[in-house]
Amino acid sequence: AALCVALVAALDAAFELGLDPRARAEIAHRAENEFAGVPCGRMDSLASALGRRDTALRIDCRSLAVEAVPLPERLRFLVADSGVRAPEDFEGRNLL
């Protein structure tokens, strides 16, 4: 998703399309689903296009409303990869 959003942003800059970050996320999501055939949701492209330092994104998956939520300075995150992968045919991943 991040690569698709970056590609859309580069094309937007090169052709001076004037896309806003939300439009970039939507185009990237469509490219992943329709062109690349990757059955993915919108969260990753929205996070890549709209995410900002020191904030979290509240994404309403019904309306696709997105709100930046400031994070407290004292808050720390630990990110870990469990190494567990979903099967290729996992149907539950594409809920949007």
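Just so you know, these numbers come straight off a predicted model, no measurement behind them. (Residues numbered from 1 in each chain as written. Predicted model: local features only at pLDDT ≥ 70, side-chain atom pairs only at ≥ 80, totals over all residues. Heavy atoms only, no water.)

Thoughts on the overall build of the chain
At step 1: A count of helical and extended segments in the chain gives 3 helices and 2 strands.
At step 2: For the chain, the spread of C-alpha atoms along the principal axes amounts to about 40 × 35 × 25 Å.
At step 3: Per-residue burial over the chain gives 14% buried out of 96 residues.
At step 4: Expressed as a percentage of contacts within the chain between residues at least 6 apart in sequence, the contacts between residues at least 24 apart total 33%.
At step 5: In the form shown here, the chain has an accessible surface area of approximately 7600 Å², with 58% of it arising from carbon and sulfur atoms. (Helix = DSSP H or I, 4+ residues; strand = E, 2+ residues; numbered from the N terminus. Buried < 20%, exposed > 50% of the residue type's maximum accessible area, 1.4 Å probe, protein only. Contact = heavy atoms within 4.5 Å. Areas by Shrake-Rupley, 256 points an atom, 1.4 Å probe, with all protein chains shown as cover.)

Let's talk about the nonpolar core
At step 1: Among the nonpolar cores identified, the biggest contains 7 residues, and these are Val-5, Val-8, Ala-25, Ala-28, Leu-46, Ala-49 and Leu-50.
At step 2: Among the elements that take part in this core, helix H3 (residues 43-50) stands out by supplying 3 residues, more than any other.
At step 3: If we skip the residues at most four places from it in the chain, Ala-28 touches Cys-4, Val-5, Val-8 and Ser-45. (Core = buried A, V, L, I, M, F, W, Y, C linked by side-chain atoms within 4.5 Å.)

Description of the packing of helix H2 (residues 21-35) against H3
At step 1: Where H2 meets H3, the axes come as close as 8 Å, and the angle between the chain directions of the two elements is 145°. Here the hand of the crossing between H2 and H3 comes out right-handed. Note on element contacts: H3 touches H2 through Ser-45, Leu-46, Ala-49 and Leu-50, opposite Pro-21, Arg-22, Ala-25, Ala-28 and His-29.
At step 2: When its residues are assigned to classes, the contact of H2 with H3 shows 6 nonpolar, 2 polar and 1 charged. (Axes fitted to C-alpha atoms, helices over the stretch in contact; angles between N-to-C directions. Left-handed = near helix turned anticlockwise from the far one by under 90°. Nonpolar A, V, L, I, M, F, W, Y, C, P; charged D, E, K, R; others polar.)

Focus: the packing of helix H1 (residues 2-14) against H2
At step 1: Running from N to C, H1 and H2 point in directions that differ by 120°, and their axes come no closer than 8 Å. Looking at the two axes, H1 sits oblique to H2. Pair H1 / H2 crosses with right-handed handedness. Of the residues in H2, those in contact with Cys-4, Val-5, Val-8, Ala-9 and Asp-12 of H1 are Arg-24, Ile-27, Ala-28 and Glu-32.
At step 2: Tallied by class, residues from the contact of H1 with H2 come to 6 nonpolar, no polar and 3 charged. (Parallel < 35°, antiparallel > 145°, perpendicular 65-115°, else oblique.)

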